[in-house]
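What follows is the residue order along each chain.
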Amino acid sequence: MQVEYINPFIESVCSVFSTMLNSEAKRCEVGLVRSASSPRDVTALIGLSGRVRGTVALCLPVSTALAMVNGLLGTDTRVVDDTVADGVAELVNMIAGGAKTKFSGDGTPIDLSLPTVVHGASYAVEYPSGTRWLDVSFTSSLGPFSLRVAFEKTCTPTT
Amino acid sequence: MKALVVDDSVVMRKVLIGALSRAGISDADQAADGKEAVAAVEGTQYDVILMDWNMPNMLGIDAVKAIRANGKTVPIIMCTTEAEKSRVIEALKAGANNYIIKPFEPSVIIAKIEQVLNK
């Protein structure tokens with residue numbers, strides 16, 4: 001996967017932050033990872049299928065997950081409960097949705113799976129052998145986080 | 001004025017209900033998928049429906065088709081991450097009245113609701 005294919009996802013992260021969270025997300029480092037050796041506390045995963053197949057993972061410390069969902073709802077939740085998991089799932093849905101449009105162009109739309117959220121003190125996310133994930137770290141007023149993307153590319157972004 | 005908010009995300013339903021309230025619509029029911037939405041519309045007269053696309057059990061697009069097949073003319077606004085032109089056309093052909101792409105500014109929700117209610 002070439003680095004330029006990450007741009008639609010970066011743009012989508014920034015759009016979700018500015019419109020839904022009234023915050024600014026700033027991209028930091030972009031790197032390749034082979035496994036989630038040190039995953040964040042909360043990971044939201046969503047699959048893409050159709051002309052592009054892959055997975056998008058939004059990886060968050062608990063503090064960032066709480067700040068994001070509290071920002072969406074105007075609440076002051078202090079623990080990761082069902083509502084926080086639901087909110088994080090919706091955020092990865094919007095991020096993947098915004099990016100997939102740029103890959104679909106005027107062709108057949110790419111389908112999104114329903115998102116899944118993993119949360120815990122100790123877990124590992126294992127990726128298929130040989131898969132390389134692009135990991136993009138971000139900073140924001142809501143805290144740090146990262147986005148990981150891996151897909152089999154058969155078309156390029158349209159914009 | 002009564003609205004139905006259809007989304008599998010409870011957080012998104014709360015966000016949308018907040019936006020509806022700012023638009024002057026404080027009476028809103030909720031449905032978590034298309035099936036629940038079709039059943040709700042059979043039993044209640046709504047003035048507007050906000051409908052997600054990707055949901056378990058029944059997709060929003062299929063719920064729109066079912067609601068129209070049942071003869072209901074309630075205005076339906078799709079509110080979804082599905083932003084491709086072909087999706088928008090598909091929804092409008094199925095009977096949706098307007099389309100909101102997530103993520104959105106709250107003001108967009110208000111403007112779209114006013115559009116469909118003033119037609």
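Look above for the structure.
(A) Fine view of the overall build of chain B. In terms of helices and strands, chain B carries five helices and five strands. Secondary structure elements of chain B, listed N to C terminal, follow the sequence β-α-β-α-β-α-β-α-β-α. Over its C-alpha trace chain B gives a radius of gyration of 13 Å, about what one expects of a compact globule, namely 14 Å for 119 residues. Structurally, chain B occupies a C-alpha span of about 35 × 30 × 30 Å along its principal axes. For chain B, buried positions account for 51% of its 119 residues. Within chain B, contacts between residues separated by at least 24 positions form 61% of all contacts whose residues are at least 6 apart in sequence. Taken as two groups, the 14 positive and 15 negative side-chain charges of chain B have centres that lie 4 Å from each other.

(B) Structural detail: the overall build of chain A. For chain A, the helix and strand inventory stands at three helices and seven strands. In sequence order, chain A lays out its α and β elements as α-β-β-β-α-α-β-β-β-β. Out of the 159 residues belonging to chain A, those deemed buried represent 50%. Within chain A, contacts between residues separated by at least 24 positions form 70% of all contacts whose residues are at least 6 apart in sequence.

(C) Main features of the side chain of A:Thr43. Examined against the element boundaries, A:Thr43 turns out to sit in strand β2 (residues 42-49). Contacts of A:Thr43, omitting those with residues within four sequence positions, involve A:Ala57, A:Leu58, A:Cys59, A:Thr116, A:Val117, A:Val118 and A:Tyr123.

(D) Representation of the environment of B:Ala63 within the structure. Residue and element names in this part refer to chain B. Considering the arrangement of structural elements, one finds alanine 63 in helix α3 (residues 60-69). Once the C-alpha coordinates of alanine 63 and glutamine 30 are considered, the two residues, 33 residues apart in sequence, prove to be 14 Å apart. The residues contacting alanine 63, other than those within four sequence positions of it, are Gly34, Val38, Met51 and Met58.

(E) Representation of the environment of B:Ile89 within the structure. Residue and element names in this part refer to chain B. Along the polypeptide, isoleucine 89 turns up in helix α4 (residues 85-94). Residue isoleucine 89 is classed as partly exposed on the basis of its relative accessible area, which comes to 46%. For the pair isoleucine 89 and glutamine 30, spaced 59 residues apart in the sequence, the C-alpha separation amounts to 26 Å.

(F) Structural detail: the sheet that holds strand β3 (residues 48-51) of chain B. Residue and element names in this part refer to chain B. Across the sheet, five strands lie side by side as β2-β1-β3-β4-β5; this open sheet has parallel pairing. With partners counted over all chains shown, the strands left at the sheet margins are β2 (27-31) and β5 (98-101), one partner each. If you compare each strand with its neighbour and ignore which way they point, the axes differ by 20° on average. Pairing of strand β1 (residues 2-6) with β3 involves four bridges; the strand directions are parallel. Following the sheet pairing, alanine 3 is matched in β3 by valine 48. Lying on the sheet, helix α2 (residues 34-43) is in contact with β1, β2 and β3; it crosses β1 at an angle near 165°.

(G) Representation of the environment of A:Val125 within the structure. Along the chain, the position of A:Val125 falls in the loop between β5 (116-119) and β6 (133-140). Taking the C-alpha atoms as reference points, A:Val125 and A:Thr43, separated by 82 residues in sequence, lie 8.8 Å from one another.

(H) Seen up close, the nonpolar core. One finds A:Phe9, A:Val56, A:Leu58, A:Val88, A:Leu147, B:Phe104 and B:Ile109 to be the most contacted residues of the largest nonpolar core, which totals 60 residues. Counting residues per element, this core draws most heavily on helix α3 (residues 82-104) of chain A, at nine residues. If near-sequence neighbours (up to four positions away) are discounted, A:Leu58 is found in contact with A:Val42, A:Thr43, A:Ala44, A:Val88, A:Leu91, A:Val92, A:Ile95, A:Phe145, A:Ser146 and A:Leu147. By size, the runner-up hydrophobic cluster in this structure holds 24 residues, among which are B:Tyr46, B:Ile61, B:Ile76 and B:Ala91.

About the cut-offs
Residues numbered from 1 in each chain as written. Chains lettered and ligands numbered in written order. Predicted model: local features only at pLDDT ≥ 70, side-chain atom pairs only at ≥ 80, totals over all residues. Heavy atoms only, no water. Helix = DSSP H or I, 4+ residues; strand = E, 2+ residues; numbered from the N terminus. Rg over C-alpha atoms; globule rule 2.2 N^0.38 Å. Buried < 20%, exposed > 50% of the residue type's maximum accessible area, 1.4 Å probe, protein only. Contact = heavy atoms within 4.5 Å. Lys, Arg positive; Asp, Glu negative; His and termini not counted. Charge placed at Lys NZ, Arg CZ, Asp CG, Glu CD. Pairing = 2+ DSSP bridges. Axes fitted to C-alpha atoms, helices over the stretch in contact; angles between N-to-C directions. Core = buried A, V, L, I, M, F, W, Y, C linked by side-chain atoms within 4.5 Å.

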